[in-house]
Amino acid sequence: MSVPGWPEDERSLLDVLAVLMILMGLLSFCFLRFINMPYGRYSSSSFGRPVPARWAWFLQELPAFALPVYFLAQHPELGAGNLLLLGAFTLHYLQRTLIFPFLIRGGKPTPVVSFMLAFIFCCYNGYMQSSYICRHSLLKGEWFREPHFITGILIFFCGMFINIYSDHILRNLRKPGETGYKIPR
């Protein structure tokens, strides 16, 4: 049974979801110019019961790590290019799910609204990336040796290094026992 206006095949669904993600990004950009998202220094109980920072990070990022692992297990026949792409995505979320949360020093609790929005995004993003790479991408032959692929992977790893290093700097801005926000110099 088909739902009126709903794509019949998964590839069309993924195309619609990708367009919706772009529109949500634009809407979020506009929305966040006028309000402070209830996160970090702007955290407030008026946006729902707080979730401890470590648990919030772990649980909200978990779907974006677990879904590609699941898809990889279901598609052992993937080519090298697909494996590298999904592997990079999985590596990023492995770091965001299993490493970063347990390095947090203190951290303000996350209001349940922010936590749920992040959880939904990670479910959405994890499904879109995993399904497309495992079921629909057309990476044939030696595609992973092409200059644009190599350039993209290098940019990914540079970005991941910068992200991890920046987190390290931010964690170490405060001396033991200090609270409040510091600006890196």
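Residues numbered from 1 in each chain as written. Predicted model: local features only at pLDDT ≥ 70, side-chain atom pairs only at ≥ 80, totals over all residues. Heavy atoms only, no water.

Caption draft 1: Layout of helix 2 (residues 53-74). Over its 22 residues, helix 2 extends 32 Å from the first C-alpha to the last, a length consistent with the 32 Å expected when each residue adds 1.5 Å. Largest kink in helix 2: about 40°, centred on L62, with the proline P63 one to four residues after it. Of all the positions in helix 2, only A53, A56, W57, F58, Q60, E61, P63, A64, F65, P68 and F71 are classed as buried. Lining the buried residues of helix 2 we find strand 1 (50-51), helix 3 (80-99), strand 2 (110-111) and helix 4 (112-136). (Helix = DSSP H or I, 4+ residues; strand = E, 2+ residues; numbered from the N terminus. Expected span 1.5 Å × (residues − 1). Bend = angle between axes of the 7 residues up to and from the residue. Buried < 20%, exposed > 50% of the residue type's maximum accessible area, 1.4 Å probe, protein only. Contact = heavy atoms within 4.5 Å.)

Caption draft 2: Focus on the packing of helix 1 (residues 10-32) against helix 4. Contact pair helix 1 / helix 4: the axes reach a minimum separation of 11 Å and the direction vectors enclose 140°. Comparing their axes, helix 4 and helix 1 come out oblique. Considering only the axes of helix 1 and helix 4, their crossing is left-handed. Residues E10, R11, L13, L14, L17, A18, L20, M21 and M24 of helix 1 pack against F121, Y124, N125, Y127, M128, S131, Y132, R135 and H136 of helix 4. When its residues are assigned to classes, the contact of helix 1 with helix 4 shows 12 nonpolar, 3 polar and 3 charged. (Axes fitted to C-alpha atoms, helices over the stretch in contact; angles between N-to-C directions. Parallel < 35°, antiparallel > 145°, perpendicular 65-115°, else oblique. Left-handed = near helix turned anticlockwise from the far one by under 90°. Nonpolar A, V, L, I, M, F, W, Y, C, P; charged D, E, K, R; others polar.)

Caption draft 3: How the structure looks around the packing of aromatic side chains. What the rule picks out here adds up to 9 aromatic pairs. Arranged with centres 4.8 Å apart and planes meeting at 75°, the rings of W57 and F100 form a pair that is edge-to-face. Of the two residues, W57 is situated in helix 2 and F100 in the loop between helix 3 and strand 2; the sequence distance between them amounts to 43 residues. Residue W57 shares its accessibility class with F100, and that shared class is buried. Their ring planes at 80° and their centres at 5.0 Å tell us that F156 and F157 sit as a pair that is edge-to-face. Take F157: its relative accessible area is 40%, and that puts it in the partly exposed class. Here the aromatic cluster, defined as three or more aromatic residues joined through ring pairs, consists of W55, F58 and F102. (Phe/Tyr/Trp six-rings, centres within 6.5 Å; stacked < 30°, edge-to-face > 60°.)

Caption draft 4: Layout of the UniProt feature "domain: 3-oxo-5-alpha-steroid 4-dehydrogenase C-terminal" (unreviewed entry) in the chain. In the numbering adopted here, UniProt assigns the feature "domain: 3-oxo-5-alpha-steroid 4-dehydrogenase C-terminal" (unreviewed entry) to residues 109-185. Helix makes up 65% of residues 109-185 and strand 3%, and the two end C-alpha atoms of the span are 26 Å apart. (UniProt positions renumbered as here; feature names shortened; annotations may be inferred.)

Caption draft 5: Inspection of the pattern of salt bridges at higher detail. Summed over the entire model, instances satisfying the criterion amount to 3 salt bridges. Residues E10 and R135 are paired through a salt bridge, measuring 2.8 Å at the closest nitrogen-oxygen approach. Separated by 125 residues along the polypeptide, E10 in helix 1 and R135 in helix 4 bring together distant segments of the chain. Across the pair R96 and D167 runs a salt bridge whose closest N-O atoms are separated by 2.7 Å. Highlighted residues: R96 in helix 3 and D167 in helix 5 (residues 147-171), separated in sequence by 71 residues. (Salt bridge = Lys/Arg side-chain N within 4 Å of Asp/Glu carboxyl O.)

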